[in-house]
Amino acid sequence: MSVRGADTLGGRAAVVGIGATEFSKDSGRSELKLAVEAVQAALDDAGLTPADVDGLVTFTMDTSPEITVAQACGIGELSFFSRVHYGGGAACATVQQAALAVATGVADVVVCYRAFNERSGRRFGSGVQHREPSAEGTALGWALPFGLLTPASWVAMAAQRYLHSYGLAPDVFGHVAVMDRRHAATNPDAYFYGKPITLADHAASRWIVEPLRLLDCCQETDGGQALVVTSVERARDLPRRPAVITAAAQGAGRGQEQMTSFYRDDLTGLPEMGVVARQLWRSSGLTPDDIDVGILYDHFTPFVLMQLEEFGFCGRGEAPGFVADGALPLNTHGGQLGEAYLHGMNGIAEAVRQIRGTSVNQVPHAARVLVTAGTGVPTSGLLIGADG
């Protein structure tokens, strides 16, 4: 998909299987084991076997290589294997890669997966422990000496500017946290099942990095999630209702860095997500008014608000009111704040459930779902729809 024109990928591939491990704080098993469990569960859900798979896609950050997962799952020959960079920004792009392979005949059945022990093992929230000898590591040298060591601190810079520019207070972020936890409270798979919060709870939670409080920050999770992608034609012969990939896009903006794009002219938006939004709307022919459900990447609450504005659901600075009014069903699984932090892959699974009509917080007649990947980094997005 070009940033200047529409593409022809939409409608040629579908997600036909979703599978996950339990979401915990201490899985007690290796990340490879988590990946294998998730892949097997997704194949079972799709009505397919390891012998049907000829493609695998994951994140550059995943510790379980494609060939190792294939071997452990009993998958045979692979004609396609790929990885996508930039942390959570890779989530929707894994499905885009799979759809591209299927649409061009490079592969027939592609499984996308992500698995980690992000609580009991490496904790992203602990911040940068050392810098890699790379251009990306060097770029962090402009932020780390000033105390910006964690993802929360990087996001806080943009969040503070957002509040200042629109004359808002930090409590506006609470609308996102309350919404996510409300949905998580009715989701038995969510870590915060049965534990809704109020705006008062949000306001009472401790500061992490002003203006971000504890309840503005996503949790840390052990677990795995996998998705199975094949052609729409083959999908129609499988047990589950196809979730058609209507459009898929990646995006990086001018002056883009990983989470520290502080030298742009304006810090109140997410230009990389704007690139994704323009491509998705252009290629699908859809508009914000056509969307039934939004699954927006929510590692930190302020970036959910900025995403709504980048996609044109509301004007600049108007997203807090948009969320408070419940103008669009959002993160019906509980999001990464409420269900689990799986680098956004569990959000794609929720979009599939909404299309199937099997979500625990089902939106009636949901036929078009927007899904986004990680924000503040080069990112990606999907429009997923019903077949026919």
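Remember, it's a predicted structure, so these values are computed and weren't measured experimentally. (Residues numbered from 1 in each chain as written. Predicted model: local features only at pLDDT ≥ 70, side-chain atom pairs only at ≥ 80, totals over all residues. Heavy atoms only, no water.)

### Considering the overall build of the protein
Short version of the rule: Going along the chain from the N terminus, every DSSP run of H or I of four or more residues is numbered as a helix, and every run of E of two or more is numbered as a strand. Note on method: radius of gyration uses C-alpha positions; expected globular size equals 2.2 Å times residues raised to 0.38. Only protein chains enter the accessibility calculation, which uses a 1.4 Å probe; a residue is then buried when its area is under 20% of its type maximum, exposed when over 50%, and partly exposed in between. Surface accessibility follows the Shrake-Rupley procedure with a 1.4 Å probe radius. Residue values consider only the protein chains on display as shielding.
Along the protein, the regular secondary structure elements total 13 helices and 11 strands. For 388 residues, the compact-globule estimate of 2.2 N^0.38 gives 21 Å, and the C-alpha radius of gyration of the protein, at 19 Å, lies within 12% of that figure. Split into buried and exposed, the 388 residues of the protein put 60% on the buried side. On the protein, roughly 15000 Å² of surface is accessible, and the fraction owed to carbon and sulfur atoms is 51%.

### Let's talk about the pairing of strand 2 (residues 55-59)
Applicable threshold: A pair of strands is labelled paired if DSSP reports no fewer than 2 bridges between them. When the strands point away from the viewer, a crossover counts as right-handed if the path from the first strand over the helix to the second runs clockwise.
With 5 of 5 residues buried, strand 2 is to be regarded as a mostly interior element. Pairing geometry for strand 2 and strand 3 (residues 80-84), over 5 bridges, is parallel. Among the inter-strand pairings, Leu56 is bridged to a residue of strand 3, identified as Phe81. In this fold, the crossover linking strand 2 to strand 3 by way of helix 2 (residues 66-73) has right-handed handedness.

### Examining the side chain of Asn361
Applied cut-off: Contacts described as polar in this section are N or O atom pairs within 3.5 Å, which, within protein, must combine one atom able to donate a hydrogen with one able to accept it, while residues neighboring in sequence count only if both atoms come from side chains. Only heavy atoms matter for contacts: two residues are in contact if any of them lie within 4.5 Å across the pair.
Inspection of the secondary structure puts Asn361 in the loop between helix 13 (345-356) and strand 10 (368-372). Overall, the relative accessible area of 16% leaves Asn361 in the buried class. In this structure the side chain of Asn361 is engaged in a polar contact, spanning 2.7 Å, whose partner is the side chain of Thr186. Asn361 has contacts with His183, Thr186, Thr332 and Gln354, leaving out every residue within four places of it along the chain.

### Points about unusual backbone geometry
That bond from Glu210 to Pro211 is cis: its omega, 10°, falls within 30 degrees of zero. Tracing the backbone through its elements, the reader meets Pro211 in the loop between strand 5 (207-209) and strand 6 (212-213). In this model, Tyr86 sits at a positive phi of 80°, which is unusual for a non-glycine residue. Locating Tyr86 in the fold gives a position in the loop between strand 3 and helix 3 (91-103). Of note in the backbone geometry, His365 takes a positive phi value of approximately 60° without being a glycine. Tracing the sequence through the fold places His365 in the loop between helix 13 and strand 10.

### A few points about the nonpolar core
Convention followed: Residues enter a nonpolar core if they are buried and are Ala, Val, Leu, Ile, Met, Phe, Trp, Tyr or Cys, with the set joined through side-chain atoms within 4.5 Å.
Among the nonpolar cores identified, the biggest contains 48 residues, and Leu280, Trp281, Leu308, Phe311, Phe313, Leu370 and Leu383 are the most heavily contacted of them. Elements supplying a minimum of two residues to this core: helix 5 (151-166), helix 6 (174-184), strand 8 (243-251), helix 9 (271-284), helix 10 (301-310) and helix 11 (319-324). Considering each element in turn, this core owes the most residues, 8 residues, to helix 5. Setting aside residues up to four positions removed in sequence, Phe313 forms contacts with Trp281, Pro288, Ile291, Leu308, Phe322, Leu328 and Leu370. Listed in part, the 41 residues of the second largest apolar core include Leu227, Met345, Ala351 and Ile355.

### Some words on the packing of aromatic side chains
Put simply, the test is: Classification of ring pairs rests on two measures: the distance between centres of Phe, Tyr or Trp rings, Trp counted by its six-membered ring, which must be within 6.5 Å, and the angle between planes, read as stacked under 30 degrees, edge-to-face over 60 and tilted in between. Either the NZ atom of lysine or the CZ atom of arginine qualifies as a charge over a ring when it sits within 6 Å of the ring centre and within 35 degrees of the ring normal.
Within the structure shown, the criterion is met by 6 aromatic pairs. Centre to centre, the rings of Tyr191 and Phe192 are 5.2 Å apart; their planes meet at 85°, and the pair counts as edge-to-face. Considering the side-chain rings of Trp281 and Phe313, the 6.3 Å spacing of their centres and the 70° angle between planes classify their relative orientation as edge-to-face. With Trp281 in helix 9 and Phe313 in the loop between helix 10 and helix 11, this residue pair connects regions lying 32 residues apart in the sequence. When its relative accessible area of 14% is taken as the criterion, Trp281 is described as buried. Aromatic rings pair up to connect Trp281, Phe311, Phe313 and Phe322 into one cluster. The side chain of Arg213 reaches across the aromatic face of Trp207, ending 3.7 Å from its centre.

### Let's talk about helix 13
Cut-off, in case you're wondering: Helix span, as expected, comes to 1.5 Å for every residue beyond the first.
Spanning 12 residues, helix 13 covers 17 Å between terminal C-alpha atoms, matching the ideal 16 Å at 1.5 Å per step. For helix 13, the tally of buried residues reaches 11 of 12 residues, placing the bulk of the element in the interior. Looking at helix 13, one finds that the buried residues are Met345, Asn346, Gly347, Ile348, Ala349, Glu350, Ala351, Val352, Gln354, Ile355 and Arg356. Taken from the residues just after helix 13, Gly357 is the one with a positive phi, measuring 85°.

### Looking at the UniProt feature "domain: Thiolase C-terminal" (unreviewed entry) in the protein
For clarity, the cut-off: UniProt positions are given in the numbering used here, feature names are shortened, and annotations may be inferred rather than shown by experiment.
Those places that UniProt annotates as "domain: Thiolase C-terminal" (unreviewed entry) correspond, in this numbering, to residues 256-376. The span residues 256-376 is 38% helix and 7% strand, and its two end C-alpha atoms sit 9 Å from each other.

### Describing the pattern of salt bridges
The criterion, for reference: Within this document, salt bridges are pairs made up of a side-chain nitrogen of Lys or Arg and a carboxyl oxygen of Asp or Glu, the two lying within 4 Å of each other.
This model, assessed by the stated rule, comprises 13 salt bridges. Between Glu37 and Arg29 there is a salt bridge, with its nearest N and O atoms 2.8 Å apart. The partly exposed category is assigned to Arg29, whose relative accessible area is 22%. With a closest N to O distance of 2.9 Å, Arg236 and Asp387 form a salt bridge. Pair noted here: Arg236 is in the loop between helix 8 (232-235) and strand 8 and Asp387 is in the segment after strand 11 (379-386), with a separation of 151 residues, a long-range link. For Arg236, a relative accessible area of 49% corresponds to the partly exposed category. Residue class for Asp387 comes out partly exposed when judged on its relative accessible area of 28%. Among the ionic contacts, a cluster of salt bridges with common partners joins Glu22, Arg29, Lys33 and Glu37.

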